[in-house]
Amino acid sequence: MGRVNTALQELRGAQKSAKGVSLYSRFVNRPAGRYLAAGSYALGLTPNQVTLVSAAFSFAAVAAAALCAPSWGLGIAVWAALAVGFAFDSADGQLARLRGGGSAAGEWLDHVVDAAKLTALHSCVLIGFYRFPEEYGTVADGWLLVPLGFQFASVVTFFGGLLTEKLKPKPAPGSPAAAPSTLRAVALLPVDYGVFCLVFLLLGGGKLFAWTYAGLGVVAGLFLLAFLAKWFRELSAVPR
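What counts, and at which threshold
- Residues numbered from 1 in each chain as written.
- Predicted model: local features only at pLDDT ≥ 70, side-chain atom pairs only at ≥ 80, totals over all residues.
- Heavy atoms only, no water.
- Helix = DSSP H or I, 4+ residues; strand = E, 2+ residues; numbered from the N terminus.
- Areas by Shrake-Rupley, 256 points an atom, 1.4 Å probe, with all protein chains shown as cover.
- Salt bridge = Lys/Arg side-chain N within 4 Å of Asp/Glu carboxyl O.
- Buried < 20%, exposed > 50% of the residue type's maximum accessible area, 1.4 Å probe, protein only.
- Expected span 1.5 Å × (residues − 1).
- Arc of directions from axis to C-beta.
- Contact = heavy atoms within 4.5 Å.
- Core = buried A, V, L, I, M, F, W, Y, C linked by side-chain atoms within 4.5 Å.
- Phe/Tyr/Trp six-rings, centres within 6.5 Å; stacked < 30°, edge-to-face > 60°.
- Lys NZ or Arg CZ within 6 Å of the ring centre and 35° of its normal.
- Patch = residues over 30% accessible without salt bridge, like charges linked within 9 Å, V, L, I, M, F, W, Y side chains within 5 Å.
- Axes fitted to C-alpha atoms, helices over the stretch in contact; angles between N-to-C directions.
- Parallel < 35°, antiparallel > 145°, perpendicular 65-115°, else oblique.
- Left-handed = near helix turned anticlockwise from the far one by under 90°.

Colleague: Describe in detail the overall build of the chain, supporting the description with residues and values.
Modeller: The secondary structure content of the chain amounts to 10 helices and zero strands. Its helices and strands taken in sequence order, the chain reads α-α-α-α-α-α-α-α-α-α from the N to the C terminus. As displayed, the chain offers around 12700 Å² of accessible surface, 70% of which is attributable to carbon and sulfur atoms.

In structure tokens, the structure reads:
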């Protein structure tokens, strides 16, 4: 326990900026990831191993959602596995900082797993809508376009945000970090991955899940348009 407590103390002072992070990530996922990172450190795990643990939980949830008939029990299991996987996704970066910094290969692995997870998650919904149309109320073929549209918005948002951070000039060393905005943290909740995972608790509701998922997809599309305009404007101001 002493090794875990020491790691927790060091991690509390080595957190990333909360700017541009939703309330869920700031107050739920990152703290959970901090405890998982401390435990992983005590066990001698590497950041890459923690990334793979995150992938194992996430893809187990994806497989269950795609292959099993919807039920309330399945929904709880899928959500729990996704939530744990997301917390381990936060833990790998925190563990890397605790160990003195990550590697290019580790960052690459983390982003590849994130992209695969995001793509697979919406694919599993599409498969579920196709395999269990009566349970979900998705008999009409048009419903199969909903996960495809949601997937498009999610992947483009993920890639666009990642590329924008790479292309924007880095702040000068020693410059003060911008204070996080509580209003922005609240506004980002609808497109936070952790909040999105909560929709799987409604799997047993069938049609309720389908319509709630579709509603979140519409929100994701609107946020994508806003993000693209914002990112293009910011990068247009970067001198060549």
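Further notes follow.
Colleague: Account for the pattern of salt bridges, naming residues and giving values.
Modeller: Applying the stated criterion across every chain, the model contains six salt bridges. A salt bridge links Lys 117 to Asp 89, with the nearest nitrogen and oxygen atoms 3.7 Å apart. Residue Lys 117 is found in helix H5 (residues 104–131), and its partner Asp 89 is found in helix H4 (residues 72–98); the two are separated by 28 residues along the sequence. Per residue, the accessibility class of Lys 117 equals that of Asp 89, and both read buried. One salt bridge in this structure joins Lys 168 and Glu 234, with 3.7 Å as the shortest N-O distance. With a gap of 66 residues between them, Lys 168 in the loop between helix H7 (145–167) and helix H8 (182–187) and Glu 234 in helix H10 (residues 207–236) connect regions that are remote in the sequence.

Colleague: I'd like a rundown of helix H3 (residues 47–67), residues and numbers included.
Modeller: End to end, H3 covers 30 Å across 21 residues, agreeing with the expected 30 Å (1.5 Å per residue, within 8%). Every buried residue of H3 is listed here: Pro 47, Val 50, Thr 51, Ser 54, Ala 55, Ser 58, Ala 61, Val 62, Ala 65 and Ala 66. Viewed along the axis of H3, the buried residues span an arc of 140°, placing them on a single side of the element. Check the buried side of H3 and you find it contacts helix H2 (23–43), H4 and H5.

Colleague: With reference to specific residues and values, describe the nonpolar core.
Modeller: By size, the foremost hydrophobic cluster in this structure holds 33 residues, and its most contacted members are Val 78, Leu 82, Leu 121, Phe 129, Phe 200 and Phe 209. Among the secondary structure elements, those contributing two or more residues to this core are H3, H4, H5, H7, helix H9 (193–197) and H10. Not counting chain neighbours up to four residues away, the residues in contact with Phe 129 comprise Tyr 136, Thr 138, Trp 143, Leu 144, Pro 147, Phe 209, Ala 210 and Tyr 213. Membership of the second largest hydrophobic core comes to six residues, among which are Val 50, Ala 91, Leu 95 and Leu 98.

Colleague: Mind laying out the environment of Val 139, listing which residues take part and the relevant values?
Modeller: Looking at where Val 139 falls in the secondary structure, it is placed in the loop between helix H6 (133–136) and H7. Considering only alpha carbons, one finds Val 139 and Phe 129, 10 residues apart in sequence, at a separation of 8.1 Å.

Colleague: Can you tell me about the packing of aromatic side chains, naming the residues and giving the values?
Modeller: Counted under the stated rule, the structure contains 17 aromatic pairs. Ring centres of Tyr 24 and Phe 86 lie 6.4 Å apart, and the angle between their planes is 5°; this geometry places the pair in the stacked category. Here Tyr 24, found in helix H2, pairs with Phe 86, found in helix H4; they are 62 residues apart in sequence, far enough to count as distant. In this structure Tyr 24 comes out as buried when scored by relative accessible area, which is 16%. The class of Phe 86 is buried, set by a relative accessible area of 11%. Every member of this aromatic cluster is reached through a ring pair, and the members are Phe 129, Tyr 136, Trp 143, Phe 150, Phe 196, Phe 200, Phe 209, Trp 211 and Tyr 213. One Lys or Arg, Lys 117, reaches over the ring of Tyr 193 and ends 4.8 Å from the middle of that ring.

Colleague: Could you give me a rundown of the environment of Ser 181, with the residues and numbers involved?
Modeller: Here Ser 181 shows up in the loop between H7 and H8. Taking C-alpha positions, Ser 181 is 8.9 Å from Val 21, a pair spaced 160 residues apart along the chain.

Colleague: Account for a nonpolar patch on the surface, with residues named and values stated.
Modeller: A cluster of nonpolar residues, Ile 76, Leu 198 and Leu 201, forms a patch on the protein surface that exposes about 230 Å² of accessible area. You can see Ile 76 is positioned in helix H4.

Colleague: Hey, could you go over the packing of H5 against H7 for me, with residue numbers and the actual values?
Modeller: The contact between H5 and H7 brings their axes to 8 Å, and the two run at 165°. Comparing their axes, H7 and H5 come out roughly antiparallel. The handedness of the crossing between H5 and H7 comes out as right-handed. Residues Glu 107, His 111, Asp 114, Ala 115, Leu 118, Thr 119, His 122, Ser 123, Val 125, Leu 126 and Phe 129 of H5 form the contact with H7, whose participating residues are Pro 147, Leu 148, Phe 150, Gln 151, Ser 154, Val 155, Phe 158, Leu 162 and Lys 166.

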